[in-house]
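Now for the letters of each chain:
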Amino acid sequence: MNVHRVASVPVGMGIGLWTASLWVNTSNEPCLRLLMCVPGPRFALWQCALFGAGAAVVLLLVSMAGARLPSAKALNAS
């Protein structure tokens, strides 16, 4: 379960950067020429940071929940 703790930061950064790299056509007109299509970000920067932080927190919570599960030896001993 320590792998989840170590991986939480890179996964959070990856999710944040991935959502920041999503682009969408922001003009309401159809794209007839390449120069008329102006791409813009799909999410605001604060949303990308929030998604990345959320993914990191979820992995940390999973690692904490897995660390509290009793082992098979502990169950057999009791």
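Basis of the calculations
- Note on numbering: residues in each chain are counted from 1, in written sequence order.
- For a predicted model such as this one, the threshold for reporting local features is a pLDDT of at least 70, and the threshold for listing and counting side-chain atom pairs is 80 or more; totals across whole chains, interfaces and linings nevertheless cover every residue.
- With hydrogens and water stripped out, all remaining heavy atoms of the structure feed into the side-chain values.
- The predictor's confidence in any single residue is recorded as pLDDT, a number from 0 to 100.
- For helices the rule is a DSSP run of H or I covering at least 4 residues; for strands it is a run of E covering at least 2, with both sets numbered from the N terminus onward.
- Any pair of N or O atoms that falls within 3.5 Å is considered a polar contact. Within protein, one atom must be able to donate a hydrogen and the other to accept it, and sequence-neighbouring residues count only if both atoms are side-chain atoms.
- Under this scheme, a helix contributes an axis fitted over its contacting stretch, all axes are lines through C-alpha atoms, and angles between N-to-C directions fall in the 0 to 180 degree range.
- By definition in this entry, angles of less than 35 degrees are roughly parallel, angles greater than 145 are roughly antiparallel, angles of 65 to 115 are roughly perpendicular, and the rest are oblique.
- Should the near helix be turned counterclockwise from the far one by less than a right angle, the crossing is left-handed, whereas a clockwise turn marks it as right-handed.
- Contact criterion: two residues are considered in contact whenever any of their non-hydrogen atoms come within 4.5 Å of each other.
- The classification used treats Ala, Val, Leu, Ile, Met, Phe, Trp, Tyr, Cys and Pro as nonpolar, Asp, Glu, Lys and Arg as charged, and all other residues, Gly among them, as polar.
- Only protein chains enter the accessibility calculation, which uses a 1.4 Å probe. A residue is then buried if its area is under 20% of the maximum for its type, exposed if over 50%, and partly exposed in between.

## A few points about the confidence of the model for the protein chain
Summing up the model confidence of the protein chain, the mean pLDDT is 80 and the portion of residues at 70 or higher is 67%. Within the protein chain, helix α2 (residues 45-67) carries the highest mean pLDDT (90), whereas helix α3 (residues 72-77) carries the lowest (59).

## Describing the side chain of T19
Inspection of the secondary structure assignment puts T19 in helix α1 (residues 2-20). Here G16 takes part through its backbone oxygen, which lies 3.0 Å from a polar atom of the side chain of T19.

## Focus: the packing of α1 against α2
Look at α1 against α2: their axes get within 7 Å of each other, and the N-to-C directions meet at 160°. When the axes of α1 and α2 are compared, the pair comes out roughly antiparallel. Crossing of α1 against α2: the hand is right-handed. Between α1, through H4, R5, A7, S8, V11, G12, I15, G16, T19 and A20, and α2, the contact on the second element is made entirely by C48, F51, G52, A55, A56, L59, L60, V62, S63, M64 and A67. Along the lines of polarity and charge, the residues of the contact of α1 with α2 split into 13 nonpolar, 7 polar and 1 charged.

## Comments concerning the side chain of S63
Of note, S63 is situated in helix α2. Take S63: its relative accessible area is 0%, and that puts it in the buried class. Among the polar contacts listed, one links the side chain of S63 to the backbone oxygen of L60, at a separation of 2.7 Å.

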